[in-house]
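Overview (structure and organization)
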Amino acid sequence: MNTDTRVDDYIAGLPEWQQEICREVRRLVHEADPDVEETIKFTNRPYFVLDGNICALLGTKDHVNVMLYDKAIVPDPHNIITSGHGNKTARMISVYRDQPINAPALVEMFRHIIANNRQRRSVGPRR
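Keep in mind that what you see is a predicted model, and the values were worked out from it rather than measured.

**Some remarks on the overall build of the protein chain**
From N to C terminus, the protein chain includes three helices and five strands. Reading the helices (α) and strands (β) of the protein chain from amino to carboxyl end gives α-α-β-β-β-β-β-α. Relative to the 2.2 N^0.38 estimate, which gives 14 Å for 127 residues, the radius of gyration of the protein chain is 14 Å and therefore close to what a compact globule would have. Oriented by its inertia axes, the alpha-carbon framework of the protein chain measures out at about 45 × 30 × 25 Å.

Shown next, in the form of C-alpha coordinates:
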(Lines give C-alpha, C1' and ligand atoms only; values in the text may rest on other atoms or scores of the structure.)
Protein backbone atom coordinates (compact mmCIF):
# COMPACT_ATOMS: atom_id res chain seq x y z
CA MET A 1 0.00 0.00 0.00
CA ASN A 2 1.13 3.52 -0.80
CA THR A 3 0.33 5.05 2.58
CA ASP A 4 0.86 8.54 3.93
CA THR A 5 1.68 9.07 7.60
CA ARG A 6 -0.50 12.20 7.59
CA VAL A 7 -3.49 9.97 6.84
CA ASP A 8 -2.43 7.76 9.77
CA ASP A 9 -2.38 10.87 11.96
CA TYR A 10 -5.84 11.97 10.80
CA ILE A 11 -7.33 8.55 11.51
CA ALA A 12 -5.60 8.31 14.91
CA GLY A 13 -7.27 11.57 15.97
CA LEU A 14 -10.78 10.15 15.53
CA PRO A 15 -12.85 8.17 18.03
CA GLU A 16 -12.06 4.44 17.94
CA TRP A 17 -15.27 3.46 16.10
CA GLN A 18 -14.55 6.05 13.38
CA GLN A 19 -10.96 4.83 13.15
CA GLU A 20 -12.28 1.35 12.39
CA ILE A 21 -14.49 2.67 9.59
CA CYS A 22 -11.66 4.75 8.10
CA ARG A 23 -9.20 1.86 8.26
CA GLU A 24 -11.71 -0.40 6.50
CA VAL A 25 -12.39 2.14 3.73
CA ARG A 26 -8.65 2.69 3.37
CA ARG A 27 -8.07 -1.04 3.02
CA LEU A 28 -10.85 -1.34 0.45
CA VAL A 29 -9.63 1.52 -1.75
CA HIS A 30 -6.16 -0.06 -1.83
CA GLU A 31 -7.76 -3.44 -2.58
CA ALA A 32 -9.49 -1.84 -5.56
CA ASP A 33 -6.07 -0.98 -7.01
CA PRO A 34 -2.67 -1.35 -5.33
CA ASP A 35 -1.41 1.78 -7.13
CA VAL A 36 -3.78 4.07 -5.21
CA GLU A 37 -1.90 6.84 -3.42
CA GLU A 38 -2.84 8.74 -0.30
CA THR A 39 -2.49 12.44 0.35
CA ILE A 40 -3.93 15.24 2.44
CA LYS A 41 -5.91 18.05 0.83
CA PHE A 42 -7.75 21.02 2.30
CA THR A 43 -5.46 21.14 5.36
CA ASN A 44 -6.31 17.77 6.93
CA ARG A 45 -8.69 15.67 4.81
CA PRO A 46 -7.40 12.26 3.62
CA TYR A 47 -7.76 11.74 -0.14
CA PHE A 48 -7.13 8.61 -2.14
CA VAL A 49 -6.01 9.28 -5.70
CA LEU A 50 -5.04 7.49 -8.89
CA ASP A 51 -5.14 9.50 -12.12
CA GLY A 52 -7.51 11.81 -10.21
CA ASN A 53 -9.49 11.78 -6.98
CA ILE A 54 -11.19 8.54 -5.99
CA CYS A 55 -12.52 9.32 -2.53
CA ALA A 56 -11.95 11.28 0.65
CA LEU A 57 -12.73 10.68 4.32
CA LEU A 58 -14.29 13.04 6.81
CA GLY A 59 -15.08 12.14 10.42
CA THR A 60 -18.09 14.04 11.74
CA LYS A 61 -19.83 14.07 15.11
CA ASP A 62 -21.87 10.92 14.55
CA HIS A 63 -20.64 9.31 11.32
CA VAL A 64 -17.87 9.11 8.73
CA ASN A 65 -18.43 10.54 5.28
CA VAL A 66 -16.84 8.76 2.35
CA MET A 67 -16.91 11.22 -0.54
CA LEU A 68 -16.84 9.47 -3.91
CA TYR A 69 -15.40 11.60 -6.69
CA ASP A 70 -17.30 9.89 -9.49
CA LYS A 71 -18.99 12.84 -11.23
CA ALA A 72 -22.30 11.04 -10.50
CA ILE A 73 -21.72 8.50 -13.27
CA VAL A 74 -20.73 5.34 -11.40
CA PRO A 75 -23.65 2.92 -11.02
CA ASP A 76 -24.97 2.27 -7.51
CA PRO A 77 -26.93 -0.99 -7.89
CA HIS A 78 -26.57 -1.75 -4.16
CA ASN A 79 -27.89 1.67 -3.11
CA ILE A 80 -24.98 2.48 -0.81
CA ILE A 81 -24.77 6.18 -1.75
CA THR A 82 -26.60 8.20 0.88
CA SER A 83 -26.47 11.74 -0.53
CA GLY A 84 -25.31 13.96 -3.35
CA HIS A 85 -27.23 12.10 -6.02
CA GLY A 86 -27.58 15.25 -8.10
CA ASN A 87 -24.04 16.51 -7.44
CA LYS A 88 -21.92 16.74 -10.59
CA THR A 89 -18.60 16.27 -8.76
CA ALA A 90 -19.02 13.88 -5.85
CA ARG A 91 -21.53 11.77 -4.00
CA MET A 92 -21.33 10.56 -0.44
CA ILE A 93 -21.71 7.47 1.68
CA SER A 94 -22.38 8.20 5.35
CA VAL A 95 -21.31 5.36 7.63
CA TYR A 96 -22.61 5.36 11.20
CA ARG A 97 -21.35 3.56 14.28
CA ASP A 98 -21.93 -0.22 14.16
CA GLN A 99 -23.15 0.03 10.55
CA PRO A 100 -21.58 -2.59 8.28
CA ILE A 101 -19.85 -1.45 5.11
CA ASN A 102 -20.90 -3.24 1.93
CA ALA A 103 -17.28 -4.00 1.04
CA PRO A 104 -17.87 -5.71 -2.34
CA ALA A 105 -20.10 -2.87 -3.53
CA LEU A 106 -17.65 -0.20 -2.37
CA VAL A 107 -14.66 -1.91 -4.02
CA GLU A 108 -16.69 -2.19 -7.23
CA MET A 109 -17.46 1.53 -7.12
CA PHE A 110 -13.81 2.39 -6.44
CA ARG A 111 -12.78 0.30 -9.45
CA HIS A 112 -15.31 2.10 -11.65
CA ILE A 113 -14.03 5.49 -10.49
CA ILE A 114 -10.41 4.46 -11.13
CA ALA A 115 -11.29 3.15 -14.61
CA ASN A 116 -13.10 6.42 -15.39
CA ASN A 117 -10.13 8.45 -14.11
CA ARG A 118 -7.78 6.47 -16.34
CA GLN A 119 -10.09 6.87 -19.33
CA ARG A 120 -10.27 10.64 -18.85
CA ARG A 121 -6.50 10.82 -18.44
CA SER A 122 -5.83 8.78 -21.58
CA VAL A 123 -8.20 10.95 -23.63
CA GLY A 124 -6.79 14.16 -22.20
CA PRO A 125 -8.51 17.51 -21.87
CA ARG A 126 -11.01 18.55 -24.51
CA ARG A 127 -10.04 21.48 -26.66
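There's plenty left to go through after this.
**Thoughts on the side chain of glutamine 18**
Relative to the elements of secondary structure, glutamine 18 occurs in helix α2 (residues 16-32). Looking at glutamine 18, its side chain comes within polar contact range of the main-chain oxygen of histidine 63, at 3.1 Å. Ignoring sequence-local partners within four residues, the contact set of glutamine 18 consists of Gly59, Thr60, Lys61, His63 and Val64.

**Notes on unusual backbone geometry**
Positive phi, normally seen in glycine, also occurs at aspartate 51, with a value near 60 degrees. Inspection of the secondary structure assignment puts aspartate 51 in the loop between β2 (45-49) and β3 (53-59). Positive phi, normally seen in glycine, also occurs at alanine 72, with a value near 60 degrees. Examined against the element boundaries, alanine 72 turns out to sit in the loop between β4 (63-68) and β5 (91-96).

**Digging into the pairing of β3**
As a general feature of sheets, a regular strand has side chains that alternate between the two faces. Here three bridges tie β2 to β3, and the two strands are oriented antiparallel to one another. Directly across from phenylalanine 48, in β3, lies its bridge partner cysteine 55. Counted along the chain from β2 to the antiparallel partner β3, the turn is three residues long, and its residue aspartate 51 has a positive phi close to 60 degrees. In terms of strand pairing, β3 meets β4 through five bridges, oriented antiparallel. For leucine 57, the partnering residue across the bridge sits in β4 and is valine 66. Counting the residues between successive antiparallel strands, the hairpin from β3 to β4 contains three residues.

**A short note on the pattern of salt bridges**
This model, assessed by the stated rule, comprises nine salt bridges. Between arginine 27 and glutamate 31 there is a salt bridge; the shortest N-O distance is 3.0 Å. You can see arginine 27 and its partner glutamate 31 sitting in helix α2, four residues apart, about one turn around the helix. On the basis of relative accessible area, arginine 27 is assigned to the partly exposed category, the value being 39%. Several salt bridges converge on common partners, so that one network encompasses Asp8, Arg26 and Glu38.

**Observations regarding the nonpolar core**
Grouped together as the largest cluster of nonpolar side chains are 34 residues, with contacts concentrated most on Ile54, Cys55, Val66, Leu68, Ile93, Leu106 and Phe110. At the level of secondary structure, the elements contributing two or more residues to this core comprise α1 (5-12), α2, β3, β4, β5 and α3 (103-123). Looking at which element gives the most residues to this core, the answer is α3, with eight residues. If near-sequence neighbours (up to four positions away) are discounted, cysteine 55 is found in contact with Val29, Pro46, Tyr47, Phe48, Val66, Met67, Leu68, Tyr69 and Phe110. Among the nonpolar cores identified, the runner-up in size contains six residues, and Tyr47, Val49, Ala56 and Met67 belong to it.

Conventions we followed
- Residues numbered from 1 in each chain as written.
- Predicted model: local features only at pLDDT ≥ 70, side-chain atom pairs only at ≥ 80, totals over all residues.
- Heavy atoms only, no water.
- Helix = DSSP H or I, 4+ residues; strand = E, 2+ residues; numbered from the N terminus.
- Rg over C-alpha atoms; globule rule 2.2 N^0.38 Å.
- Polar contact = N/O pair within 3.5 Å; in protein donor to acceptor, adjacent residues only side chain to side chain.
- Contact = heavy atoms within 4.5 Å.
- Pairing = 2+ DSSP bridges.
- Salt bridge = Lys/Arg side-chain N within 4 Å of Asp/Glu carboxyl O.
- Buried < 20%, exposed > 50% of the residue type's maximum accessible area, 1.4 Å probe, protein only.
- Core = buried A, V, L, I, M, F, W, Y, C linked by side-chain atoms within 4.5 Å.

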